[in-house]
Amino acid sequence: MSKFVYVTFLGFIIGLFAFSKPLFAQDQIKISRFSLENASGKSFLLDSMAGKKLTVVVFTSSHCSWATQYEERLVKFYHNYKDKGVSFIAINSNDPSMNGRDSASRMQTITAFPFPYLKDSDQKVAKMFHATKNPEAVILVSREKYYEIVYRGQIDDNPLDTAFVKEPYLVNAIDSLLAGKKPAVSVVPLRGCDIKWID
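Now for a quick tour of the structure. The structure presented is a predicted model; accordingly, all values stated were derived computationally and were not measured. (Residues numbered from 1 in each chain as written. Predicted model: local features only at pLDDT ≥ 70, side-chain atom pairs only at ≥ 80, totals over all residues. Heavy atoms only, no water.)

**Some thoughts on the overall build of the protein chain**
Counting its secondary structure elements, the protein chain contains seven helices and 10 strands. Restricting to contacts in the protein chain with at least 6 residues of sequence separation, those with at least 24 account for 74%. When the accessible area of the protein chain is evaluated, it comes to approximately 11200 Å², of which 56% is carbon and sulfur surface. (Helix = DSSP H or I, 4+ residues; strand = E, 2+ residues; numbered from the N terminus. Contact = heavy atoms within 4.5 Å. Areas by Shrake-Rupley, 256 points an atom, 1.4 Å probe, with all protein chains shown as cover.)

In structure tokens:
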């Protein structure tokens, strides 16, 4: 093998791993225990909110139209699964200076979830999850010392009308996991509003 071919091949391999690393890193995210407050200032620990089998975390917003379209669906899912060992948590990580509806004082009066709706004021939890969009659904499974992400992505493929949903990604993943199976689709590319980061 000539030196040129060898160097070219080596560069290709290094480049392949360099570009793959973020994907591998995301696949291996381990979520540490955390606590956040709701709009009333009450603190919630992840362990106290986690389901016996699965915990669904949804990064959402009280002003993003993509996210607000899913509020009724999330409430329905909560009632459908709450007695099956599945818990739901909503997290608002947006910078409230971008829209007051995402402030801790207003978000819960605008969005009335029957499960914890928490404010990630310093955005540390969103960064730990590598969250980027509203809405963004994540399913966690509790391990001995951490939580493992087993699904990440869209809730379904139609935010505008439930009647035209063809791919209920989140529900399919929950049902598969409750049946002891790996989800057929565990990562779905996101659509929605970008999380508004604090400068």
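Structure shown, so let's carry the discussion forward.
**Side note on the pairing of strand β8 (residues 136-142)**
Buried residues dominate β8, accounting for six of its seven residues. Looking at chain direction, strand β4 (residues 54-59) and β8 are connected through five bridges and run antiparallel. If you follow phenylalanine 59 over to β8, its bridge partner there is glutamate 136. Pairing geometry for β8 and strand β9 (residues 147-153), over six bridges, is antiparallel. Each bridged residue has a counterpart across the sheet, and for alanine 137 the counterpart in β9 is glycine 153. The loop that links β8 with its antiparallel partner β9 comprises four residues. (Buried < 20%, exposed > 50% of the residue type's maximum accessible area, 1.4 Å probe, protein only. Pairing = 2+ DSSP bridges.)

**Re the nonpolar core**
Grouped together as the largest cluster of nonpolar side chains are 27 residues, with contacts concentrated most on Phe88, Ile139, Leu170 and Ile174. The biggest single contributor to this core is helix α7 (residues 169-178), with five residues. Once you skip the residues sitting within four places of it in the chain, leucine 170 turns out to touch Val56, Phe77, Ala137, Ile139, Tyr151, Gln154 and Ile155. Judged by nonpolar contacts, the second largest core, of 21 residues, contains Ile31, Leu46, Val125 and Phe129. (Core = buried A, V, L, I, M, F, W, Y, C linked by side-chain atoms within 4.5 Å.)

**Details of unusual backbone geometry**
The linkage connecting asparagine 134 with the following residue, proline 135, adopts the cis geometry, with an omega of -5°. Looking at where proline 135 falls in the secondary structure, it is placed in the loop between β7 (133-134) and β8. Of note, the phi angle at glutamine 123 is positive, near 65°, even though the residue is not glycine. Within the secondary structure, glutamine 123 sits in the loop between β6 (117-119) and α6 (124-129). When its relative accessible area of 2% is taken as the criterion, glutamine 123 is described as buried. Its identity is not glycine, yet histidine 130 carries a phi of approximately 60°, on the positive side.

**Digging into the state of the cysteines**
In this structure the tally under the stated criterion is one disulfide. A disulfide bridge connects cysteine 64 with cysteine 193, and the sulfur atoms are separated by 2.0 Å. The sign of the S-S torsion, about 85°, decides the handedness of the disulfide formed by cysteine 64 and cysteine 193: right-handed. Remark: cysteine 193 occurs in strand β10 (residues 193-194) and cysteine 64 occurs in the loop between β4 and α3 (65-68); sequence separation between them is 129 residues. Just as cysteine 64 is buried, cysteine 193 falls in that class too. (Disulfide = S-S within 2.5 Å.)

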